[in-house]
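Listed below, chain by chain, are the residues.
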Amino acid sequence: AQTVTQSQPEMSVQEAETVTLSCTYDTSESNYYLFWYKQPPSRQMILVIRQEAYKQQNATENRFSVNFQKAAKSFSLKISDSQLGDTAMYFCASDLEAGSYQLTFGKGTKLSVIP
Amino acid sequence: EAGVTQFPSHSVIEKGQTVTLRCDPISGHDNLYWYRRVMGKEIKFLLHFVKESKQDESGMPNNRFLAERTGGTYSTLKVQPAELEDSGVYFCASSPSGSEQFFGPGTRLTVL
């Protein structure tokens with residue numbers, strides 16, 4: 001089975017600082033998508049950013065950017081200028097299973113932004 | 001545009017009882033997915049509908065779980081009879097195509 005690993009159960013960052021969340025994965029596929037989802041305390045999970053594996057350029061969405069290292073199977077999320085509203089669970093996910101659209105998730109990283 | 005909605009938000013039932021969870025996807029999304037997160041573990045895939053057809057049900061844990069999507073609109077997930085290990089948060093997601101999935105708020109199921 002394909003796996004996604006988030007090795008940091010909890011992290012904290014000072015407001016306005018930068019934080020990086022780690023994610024590694026295991027797959028034998030060459031084409032897949034990678035995602036970072038955010039689940040604030042209110043529970044609705046929303047997509048933060050996505051990366052297509054065949055694209056070498058790292059995806060960026062405003063203060064959120066990724067460092068995608070395909071050979072190393074690493075997909076980290078960098079949050080710049082952290083804001084209080086960034087406090088949430090962050091899940092790394094990917095559609096790693098061949099022929100399936102199901103997402104495989106990591107266990108999540110609980111990020112707290114400290115004022 | 002309304003997002004994915006789920007009902008109820010929280011359900012508490014006794015072991016052996018039946019519970020039915022409902023998911024309304026975003027209008028026009030043919031793909032509908034069910035996932036589950038048991039306390040402290042990863043979010044796990046349960047199954048995938050394309051319109052009213054089950055495309056992939058490889059994640060369904062056992063035959064106590066029955067998912068339906070009559071007419072290709074909303075979906076229900078029935079657990080009968082519920083066991084203690086079924087407790088968790090059940091998420092529904094929908095997508096117009098195969099990549100980006102939009103998630104609902106989840107239903108927290110507690111089996112006592």
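Look up: the structure comes first, before these words.
Residue positions within a chain follow its written sequence, with the count starting from 1. The order in which chains are written sets their letters, starting at A; the order in which ligands are written sets their numbers, starting at 1. Per-residue local features of the predicted model are confined to residues with pLDDT of at least 70, and side-chain atom pairs are confined, for both listing and counting, to 80 or more; whole-chain, interface and lining totals are unaffected and use all residues. Computation of side-chain values covers all heavy atoms of the structure but excludes hydrogens and water.

### Focus on the overall build of chain A
- Strands here mean DSSP runs of E at least two residues long; helices mean DSSP runs of H or I at least four residues long; both are numbered from the N terminus. A count of helical and extended segments in chain A gives zero helices and twelve strands.
- Listed N to C, the secondary structure of chain A is β-β-β-β-β-β-β-β-β-β-β-β in terms of helices and strands.
- With the principal axes as the frame, chain A shows a C-alpha extent of 45 × 25 × 20 Å.
- Relative to its 115 residues, chain A shows a buried fraction of 48%.
- Summing over all exposed atoms, chain A offers an accessible surface of approximately 5,700 Å²; the carbon and sulfur share of this is 45%.
- Across chain A, the 10 positively charged side chains and the 11 negatively charged ones have centroids separated by 2 Å. Each residue gets one of three labels from its accessible area relative to the maximum for its type: buried under 20%, exposed over 50%, partly exposed in between, using a 1.4 Å probe on protein chains only. For accessible areas, the Shrake-Rupley method is used with a probe of radius 1.4 Å. Any residue's cover is judged against the shown protein chains and nothing else. Neither His nor the chain ends contribute to the count of charged residues, in which Lys and Arg are positive and Asp and Glu negative. Think of each charge as sitting on NZ of Lys, CZ of Arg, CG of Asp or CD of Glu.

### Structural notes on the overall build of chain B
- Scanning chain B for helices and strands turns up zero helices and eleven strands.
- Of the regular secondary structure in chain B, the N- to C-terminal order runs β-β-β-β-β-β-β-β-β-β-β.
- Scaling as 2.2 N^0.38, a compact globule of 112 residues should have a C-alpha radius of gyration of about 13 Å, and chain B matches this with 13 Å.
- Across its three principal axes, chain B shows a C-alpha extent of roughly 35 × 25 × 25 Å.
- Relative to its full complement of 112 residues, chain B shows a buried share of 48%.
- Whether two residues are in contact is decided by their heavy atoms: any pair within 4.5 Å suffices. Considering only contacts within chain B whose residues lie at least 6 apart along the sequence, 51% involve residues at least 24 apart.
- Surface summary for chain B: the accessible area is close to 5,300 Å², and the carbon and sulfur share equals 49%. The globule rule is 2.2 Å times the number of residues to the power 0.38, and the radius of gyration it is compared with is taken over C-alpha atoms.

### A word on the sheet that holds strand β7 (residues 65-68) of chain B
All names here are of chain B.
- The rule for pairing is simple: two strands pair if DSSP sees at least two bridges between them. Reading across the sheet, the four strands line up as β1-β3-β8-β7 and stay open at both edges, with antiparallel pairing between neighbours. Strands at the two margins of the open sheet, each flanked by one partner only, are β1 (5-7) and β7. Between one strand and the next, the sheet's axes are offset by a mean angle of 15 degrees, whatever the strand orientation.
- Direction of pairing for β1 relative to strand β3 (residues 19-24): antiparallel, over a ladder of three bridges. Bridge assignment links phenylalanine 7 to a residue of β3, and that residue is arginine 22. Inter-axis angles, ranging from 0 to 180 degrees, are taken between N-to-C directions of lines fitted to C-alpha atoms, where helices are fitted over the stretch in contact.

### Overview of the pairing of β3(B)
Residues and elements named next belong to chain B.
- A one-sided burial pattern is seen for β3, the buried positions being Val19, Leu21 and Cys23 and the unburied ones Thr20, Arg22 and Asp24.
- Of the pairings in the sheet, the one linking β3 to strand β8 (residues 75-79) comprises five bridges and is antiparallel in character. Each bridged residue has a counterpart across the sheet, and for threonine 20 the counterpart in β8 is lysine 78.

### Digging into the interface of chain B and chain A
- The interface is formed by 23 residues belonging to chain B together with 18 residues belonging to chain A.
- Buried area: the sum, over both parts, of the accessible surface (1.4 Å probe) that disappears when the two are put together. Summed over both partners, the interface of chain B with chain A comes to about 1,800 Å²; 53% of that surface belongs to carbon and sulfur atoms.
- Salt bridge, as applied in this entry: a Lys or Arg side-chain nitrogen positioned within 4 Å of an Asp or Glu carboxyl oxygen. Seen at the junction of chain B and chain A, the total is zero salt bridges.
- Pairs of N or O atoms within 3.5 Å make up the polar contacts considered here, provided that, within protein, one atom can donate a hydrogen while the other can accept it, and that residues adjacent in sequence are counted only when both atoms are side-chain atoms. Across the contact surface, chain B and chain A share seven residue pairs in polar contact (both at pLDDT 80 or more).
- With four residues, strand β4 (residues 31-37) of chain B is the largest single contributor of residues to the side of chain B that touches chain A.
- Residues belonging to the side of chain B that touches chain A are distributed by class as follows: eight nonpolar, ten polar and five charged. Each residue is assigned to one class: nonpolar for Ala, Val, Leu, Ile, Met, Phe, Trp, Tyr, Cys and Pro, charged for Asp, Glu, Lys and Arg, and polar for all the others, Gly among them.

### Here's the deal with the nonpolar core
- Only buried residues count toward a nonpolar core. Its members are Ala, Val, Leu, Ile, Met, Phe, Trp, Tyr and Cys residues joined through side-chain atoms within 4.5 Å. Of all hydrophobic cores here, the largest spans 25 residues; its most connected members are Tyr25(A), Trp36(A), Phe75(A), Leu77(A) and Tyr90(A).
- Taken together, the elements giving at least two residues each to this core come down to β3 (19-21), β5 (33-39), β6 (46-52), β8 (64-69), β9 (74-79), β10 (88-94) and β12 (109-114) of chain A.
- Leave out the neighbours within four places in its chain, and Leu77(A) touches Val19(A), Thr20(A), Leu21(A), Trp36(A), Ile49(A), Phe64(A), Ser65(A), Val66(A) and Tyr90(A).
- Ile13(B), Leu21(B), Met60(B) and Phe65(B) belong to the second-largest nonpolar core, a separate cluster that totals 21 residues.

### Observations regarding the state of the cysteines
- Put simply, a disulfide is two cysteine sulfurs that come within 2.5 Å. All told, the structure shown has two disulfides over all chains when counted by the stated rule.
- Each sulfur in the disulfide pair Cys23(A) and Cys92(A) lies 2.0 Å from the other. Since a negative S-S torsion denotes a left-handed disulfide, the Cys23(A)-Cys92(A) link at about -70 degrees is left-handed. Here Cys23(A), found in the loop between β3 and β4 (24-26), pairs with Cys92(A), found in strand β10; they are 69 residues apart in sequence, far enough to count as distant.
- By relative accessible area, which is 1% here, Cys23(A) ends up buried.
- Judged by relative accessible area, which is 0%, Cys92(A) ranks as buried.
- Each disulfide pairs two cysteine sulfurs, and for Cys23(B) the partner residue is Cys92(B), the sulfurs being separated by 1.8 Å. An S-S torsion of about -60 degrees defines the bridge between Cys23(B) and Cys92(B) as left-handed.

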